[in-house]
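Remarks on the overall topology
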Amino acid sequence: EAGVTQFPSHSVIEKGQTVTLRCDPISGHDNLYWYRRVMGKEIKFLLHFVKESKQDESGMPNNRFLAERTGGTYSTLKVQPAELEDSGVYFCASSQSRNTEAFFGQGTRLTVV
Amino acid sequence: AQSVTQLGSHVSVSEGALVLLRCNYSSSVPPYLFWYVQYPNQGLQLLLKYTSAATLVKGINGFEAEFKKSETSFHLTKPSAHMSDAAEYFCAVSEATSGTYKYIFGTGTRLKVLA
């Protein structure tokens, strides 16, 4: 069974550009989470989807970040326009139910220059 | 609010020596606790989890952790380090708020195993 997959694995963009990250959860997992790790710091929660609905987006840094999960399958996280402080590793995770462990993808390393 | 503290951002041990990675948590409710590992160029992999059953939890690759409520700790141990254990380890507590079970992570401990 395929795990959580994220695309791309690396992205280097210039400040002011737009980047879209994609996450394909494990099939059948209704819960999808986005996390971010800024260099050397802890991994921080961004938001949580249950199917296509945003359950909790309290961790989203600002309105330059837009997450979607149309149809309740894969999810995208768009950053527009990107700023230098957006650099970091973005992790996606999915779980079958809310209180079971989450399975993480390999992350997307975003570098804004 | 919940929080996690991992003591030591870098830990070095000799091959065959005991591995001890420290994690202390803060939680106002009974916690669910997790250890994840990230090997180079890979995602986060669950090592083990505590969900209010046995306080000594055994995980993959010979790792185990003991939940100690009185000390608010969940330290990760392995009796004998192997070169392949070199990775970054994350302790996490799950926080259930408004139906979301999100993780609160520590800052991570990078384990180096010396030959």
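See the structure printed just above.
Residues numbered from 1 in each chain as written. Chains lettered and ligands numbered in written order. Predicted model: local features only at pLDDT ≥ 70, side-chain atom pairs only at ≥ 80, totals over all residues. Heavy atoms only, no water.

1. Comments concerning the overall build of chain A
- A tally of helices and strands in chain A yields 0 helices and 11 strands.
- What you see in chain A, going N to C, is helices and strands ordered as β-β-β-β-β-β-β-β-β-β-β.
- For a compact globule of 113 residues, the expected C-alpha radius of gyration is about 13 Å, and chain A comes in at 13 Å, within 12% of that figure.
- Based on the C-alpha atoms only, the size of chain A along its principal axes is roughly 35 × 25 × 25 Å.
- When contacts within chain A are restricted to residue pairs at least 6 apart in sequence, those whose partners lie at least 24 apart make up 51%.
- As displayed, chain A offers around 5600 Å² of accessible surface, 48% of which is attributable to carbon and sulfur atoms. (Helix = DSSP H or I, 4+ residues; strand = E, 2+ residues; numbered from the N terminus. Rg over C-alpha atoms; globule rule 2.2 N^0.38 Å. Contact = heavy atoms within 4.5 Å. Areas by Shrake-Rupley, 256 points an atom, 1.4 Å probe, with all protein chains shown as cover.)

2. What about the interface of chain A and chain B?
- Chain A puts 20 residues into the contact, and the matching count from chain B is 21 residues.
- Buried surface at the junction of chain A and chain B, summed over both partners, amounts to about 1700 Å²; 54% is from carbon and sulfur atoms.
- In this structure, the salt-bridge partner of A:R37 is B:E88, at a minimum N-O distance of 2.9 Å.
- If you look at where chain A meets chain B, you find 8 residue pairs in polar contact (both at pLDDT 80 or more).
- Elements with a minimum of two residues in the side of chain A that touches chain B: β4 (31–37), β5 (43–50) and β6 (53–56) of chain A. (Buried area = accessible area lost by both parts, 1.4 Å probe. Salt bridge = Lys/Arg side-chain N within 4 Å of Asp/Glu carboxyl O. Polar contact = N/O pair within 3.5 Å; in protein donor to acceptor, adjacent residues only side chain to side chain.)

3. Side note on the nonpolar core
- Residues B:W35, B:L48, B:F74, B:L76 and B:Y89 are the most contacted members of the largest nonpolar core, which totals 27 residues.
- Among the elements of the structure, β2 (10–14), β3 (19–26), β4 (32–38), β5 (44–50), β7 (64–68), β8 (73–78), β9 (87–97) and β11 (109–114) of chain B are those that each provide at least two residues to this core.
- Ignoring anything within four residues of it in the chain, the contact list for B:Y89 reads B:Q6, B:L21, B:W35, B:Y36, B:V37, B:L47, B:F63, B:L76, B:G108, B:T109 and B:L111.
- Listed in part, the 21 residues of the second largest apolar core include A:L32, A:L47, A:F49 and A:A67. (Core = buried A, V, L, I, M, F, W, Y, C linked by side-chain atoms within 4.5 Å. Buried < 20%, exposed > 50% of the residue type's maximum accessible area, 1.4 Å probe, protein only.)

4. Examining the pairing of β4(A)
Residue and element names in this part refer to chain A.
- Burial analysis of β4 places 7 of its 7 residues in the buried class, which makes it a mostly covered element.
- Relative to β5, β4 runs antiparallel, the two being bridged by 7 bridges. Within the sheet, the bridge partner assigned to L32 lies in β5 and is F49.
- Between the antiparallel neighbours β4 and β5 lie 5 residues, among them G40 with a positive phi of about 75 degrees.
- As judged from the 7 bridges shared by β4 and strand β9 (residues 88–95), these two strands associate in the antiparallel manner. In the strand pairing of β9, N31 is matched with S95. (Pairing = 2+ DSSP bridges.)

What is shown is where atoms sit, not what they do.
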